[in-house]
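What the coordinates show
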Amino acid sequence: MLNGNISSMEINLNRRSLLIWTFIVVVVILVYLGSFTFMEEPEFVEMIEGYPDMLTSGLGMSPEMFDDVNLYHGGLVLLYVLLLASIYAMMLAGGLVTRDVDLGTVEFLYTRPFPRNVILLSKVFSFLVMMTLLWITAYLASIAIGLMWVAPGDFDVYDQFMAHLMGYLACLAAGGIAFAVSPLLNRVQGSTSLAIGLGFAFFLLNSLASMYEQLEFLKYLSIHYYADLTGAAGGEPFITGIIVMPVVFVAGIVIGTIFLNRKEFTA
């Protein structure tokens, strides 16, 4: 069901973007996790407490987070890491499908002696490899910075593993959505715009749900809710999210396969 040549080709073609996005994620972790020693100062906490509850809850900046390095990293730092990583995940997944149509290589690739299912699943496998590498690197960077510099005695390796795992699953869900929609698009620019729009939409929906009780229902439309990074970093991972996010990923692949098999490619 997989073609190794297609998978390795996609990984090689997207290697540069993977390195760039991984570097960005590591820099974000370095800067914001490294700033914990400053942010836990009483003066800073008092300043946060003076902000409106609506603002602090919407931005994931509750004062309690600045008392615990694990909650701070999981609930605040990884919140913004997930925003970036989910955008990249959707850009990557969408580009894996739309690039062939956009560049015209689809006429060569889709006439080869293997079904479209094999082509898509091979691309999905390359997506999985690259997402796994990104989040493993993010986890190792977090552990190195947290244990060796910021909070050697307090940084919980297991809880942070669960928080990073939830972020990883959220990116898979985001990628699944992109795989479902991308066969309907014919340009890489279209899939890129969709990824950026959805990435910020997920973040905004989660923030609005936290800020306004009347809009709490919006959280069910956001991958950030199902990831529940704060809960995972606090030792209480969201079990429903662990189930829902992989299901969304698989469902997206199934839907994308159906759309791709029905799509007509014309010269």
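Structure: see above.
Residues numbered from 1 in each chain as written. Predicted model: local features only at pLDDT ≥ 70, side-chain atom pairs only at ≥ 80, totals over all residues. Heavy atoms only, no water.

A separate point is the packing of helix α2 (residues 15–34) against helix α8 (residues 116–150). Orientation of α2 relative to α8, taken along the N-to-C sense of each, is 25°, at an axis distance of 10 Å. Here α2 is positioned roughly parallel relative to α8, judged by the angle of their axes. The two elements α2 and α8 meet at a crossing, and its hand is right-handed. Facing L18, W21, T22, V25, V26, I29, L30, L33 and G34 of α2, the residues of α8 in contact are M130, L133, L134, T137, A138, A141, S142, I145, G146, W149 and V150. Split by residue class, the contact of α2 with α8 holds 15 nonpolar, five polar and no charged. (Axes fitted to C-alpha atoms, helices over the stretch in contact; angles between N-to-C directions. Helix = DSSP H or I, 4+ residues; strand = E, 2+ residues; numbered from the N terminus. Parallel < 35°, antiparallel > 145°, perpendicular 65-115°, else oblique. Left-handed = near helix turned anticlockwise from the far one by under 90°. Contact = heavy atoms within 4.5 Å. Nonpolar A, V, L, I, M, F, W, Y, C, P; charged D, E, K, R; others polar.)

It is worth spelling out the nonpolar core at this point. In this structure, F127, M131, L134 and W135 are the most contacted members of the largest nonpolar core, which totals 65 residues. Within the residue set of this core, elements represented by two or more residues are α2, α6 (69–103), α8, α9 (157–181), α10 (188–211), α11 (223–227), α12 (229–233) and α13 (239–262). Of all the elements, α6 adds the most residues to this core, at 18 residues. Excluding anything up to four places from it in sequence, L134 contacts L18, W21, T22, V25, A85 and Y88. (Core = buried A, V, L, I, M, F, W, Y, C linked by side-chain atoms within 4.5 Å. Buried < 20%, exposed > 50% of the residue type's maximum accessible area, 1.4 Å probe, protein only.)

Right, let's talk about the pattern of salt bridges for a bit. In the structure shown here, the tally under the stated rule is three salt bridges. Notably, a salt bridge pairs E10 with R99, separated by 2.7 Å at the nearest N-O pair. In this pair, E10 sits in helix α1 (residues 4–13) while R99 sits in helix α6, placing the two residues 89 residues apart along the sequence. Using a relative accessible area of 0% as the deciding quantity, one classes E10 as buried. For R99, a relative accessible area of 17% gives the class buried. Among the salt bridges present, the one from E216 reaches K219, with a minimum N-O distance of 3.2 Å. For E216, a relative accessible area of 37% translates into the label partly exposed. (Salt bridge = Lys/Arg side-chain N within 4 Å of Asp/Glu carboxyl O.)

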